[in-house]
Amino acid sequence: MEINTVGIVGLGALGLMYGEHIQNSIGRDNIFFAMDRERYQRHKNDKYTVNGKEIDFNLIDCHNAKPVDLLIIAVKYNSLDSALDVMKNLIGENTVIISVMNGITSEEIIGRRYPDAAIIPCVAIGMDAMRSGTDLNYVNKGLLQIGITSQEMRPALGAVDAFLTKINLPHTIEDDIMHAMWKKFMINVGINQSCMIYDSPYGGIMSSSEKRASLERAMREVIVLSEAEGTNVTEEDLEASLNLFNNLDAGSYPSMHQDFKAKRRSEVELFAGTVRKLAAKHGIPVPENDLYYKRIAEIESTYK
């Protein structure tokens, strides 16, 4: 199994960032962005820049797509349902899929629609890509954490590892990928939601004892659920996450706050929504995430 062709679904910050890196490595003819026909007609003549440099991405109508060796799903949670339709023609017998979406559910959702597909669990961390219109800027690409939950997926994991190594895209192979996914989930449940609710950058959350306490309560609810799910997120993971928050640019914001400012629907269902569903499953109270869910719903009800 060897990866030579790549398809991406999603023209957001991560899709463009990874697309630029891969295109510069393997050439424009071997990578493309697939989208539905209406979106393709709207965007086919767009000009994109990455860190100020124009790049000619290969955009295609998904109806004209053919199977690729590697399929990267880089959409927001609210767009995943439509992405499942877009990716249909991209998936062949040997296609490997990775999702760089937030949360812990996208692989399961993709797998329900495409049960025979080779899906490698993946976590994208440490990047600072920001998209404004057709312009993308970033300093840090972060890294991809990949792993497997069954030995039968090892050949697919080896293919992805070999490809990412060949193109020099930072990544690690995690012995416990579910722990890595849940740790990132805990981070997002805390910092993404609190920055939106309090209309605050990272520094505003971490410098306020009240706001920081709220963030920690929301994250500890994930730890309790992690214990029930057997994914082993710990207090040490929480402390490491808080140290990470303290080292972020104090004036910057996470993606949910960017959605809030643009009056776009957030990924609250992916964060507090998932917490609440798992809490109901296990009979565990999650009052902070209940509060977050309610307050974000109230904020979004004012959008026009």
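Preceding block: the structure.
None of the values given here were measured: they were computed from a predicted structure. (Residues numbered from 1 in each chain as written. Predicted model: local features only at pLDDT ≥ 70, side-chain atom pairs only at ≥ 80, totals over all residues. Heavy atoms only, no water.)

(A) Local environment of the overall build of the protein chain. A count of helices and strands for the protein chain gives 12 helices and 13 strands. Computed over the C-alpha atoms, the radius of gyration of the protein chain is 19 Å, within 12% of the 19 Å expected from 2.2 N^0.38 for a compact globule of 304 residues. In terms of overall dimensions, the protein chain has C-alpha extents of about 50 × 45 × 30 Å along its principal axes. When the 304 residues of the protein chain are sorted by exposure, 52% land in the buried category. In the protein chain, of all internal contacts separated by at least 6 residues, the share reaching a separation of at least 24 is 74%. As displayed, the protein chain offers around 14100 Å² of accessible surface, 47% of which is attributable to carbon and sulfur atoms. Separation between the mean location of the 32 positive side-chain charges and that of the 41 negative ones in the protein chain comes to 7 Å. (Helix = DSSP H or I, 4+ residues; strand = E, 2+ residues; numbered from the N terminus. Rg over C-alpha atoms; globule rule 2.2 N^0.38 Å. Buried < 20%, exposed > 50% of the residue type's maximum accessible area, 1.4 Å probe, protein only. Contact = heavy atoms within 4.5 Å. Areas by Shrake-Rupley, 256 points an atom, 1.4 Å probe, with all protein chains shown as cover. Lys, Arg positive; Asp, Glu negative; His and termini not counted. Charge placed at Lys NZ, Arg CZ, Asp CG, Glu CD.)

(B) Spotlight on the sheet that holds strand E10 (residues 130-132). Strands sit in the order E4-E3-E11-E10 across an open sheet of 4 strands; the sheet is mixed. Edge positions in the sheet fall to strand E4 (53-55) and E10, since each has one partner strand and no second. Adjacent strand axes in the sheet meet at a mean angle of 25 degrees, parallel and antiparallel pairs treated alike. In the sheet, strand E3 (residues 48-50) pairs with E4 via 3 bridges, with the strands oriented antiparallel. (Pairing = 2+ DSSP bridges. Axes fitted to C-alpha atoms, helices over the stretch in contact; angles between N-to-C directions.)

(C) Examining the pairing of strand E12 (residues 141-146) more closely. Strand direction decides the pairing type here: strand E9 (residues 122-127) and E12, joined by 5 bridges, are antiparallel. Bridge pairing in E12 places Ile125 opposite Leu143. Crossover connection from E12 via helix H5 (residues 154-166) to parallel strand E13 (residues 171-173): handedness right-handed. (Right-handed = clockwise from strand over helix to strand, strands pointing away.)

(D) Up close: the packing of helix H11 (residues 269-282) against helix H12 (residues 287-300). The interhelical angle for the contact between H11 and H12, taken along N-to-C directions, is 135 degrees, at an axis separation of 9 Å. Considering the angle they form, H11 stands oblique to H12. Our pair here, H11 against H12, has a crossing hand that is left-handed. Residues Glu269, Ala272, Gly273, Val275 and Arg276 of H11 pack against Asn289, Asp290 and Tyr293 of H12. (Parallel < 35°, antiparallel > 145°, perpendicular 65-115°, else oblique. Left-handed = near helix turned anticlockwise from the far one by under 90°.)

(E) Up close: the environment of Asp128. Tracing the sequence through the fold places Asp128 in the loop between E9 and E10. Along the backbone, Asp128 and Val275 are 147 residues apart, and their C-alpha atoms lie at a distance of 25 Å. Residue contacts for Asp128: discarding those within four places in its chain leaves Asn137, Tyr138, Val139 and Asn140.

(F) Broad picture of the side chain of Asn58. Mapped onto the elements, Asn58 comes out in the loop between E4 and strand E5 (59-61). Ignoring anything within four residues of it in the chain, the contact list for Asn58 reads Gln23, Arg28, Ile31, Phe32 and Phe33.

(G) How the structure looks around the pattern of salt bridges. Applying the stated rule across the entire model yields 16 salt bridges. Arg220 is the partner of Glu216 in a salt bridge, and the nearest nitrogen-oxygen pair spans 3.2 Å. With Glu216 and Arg220 both in helix H8 (residues 209-229) and 4 residues apart, the pair spans about one turn of that helix. The salt bridge involving Asp290 is made with Arg276; its shortest N-O contact spans 2.8 Å. Here Arg276 lies in helix H11 and Asp290 lies in helix H12, a separation of 14 residues in the sequence. For Asp290, a relative accessible area of 31% corresponds to the partly exposed category. Each of Arg212, Glu216, Arg220 and Glu235 takes part in a single network of salt bridges with overlapping partners. (Salt bridge = Lys/Arg side-chain N within 4 Å of Asp/Glu carboxyl O.)

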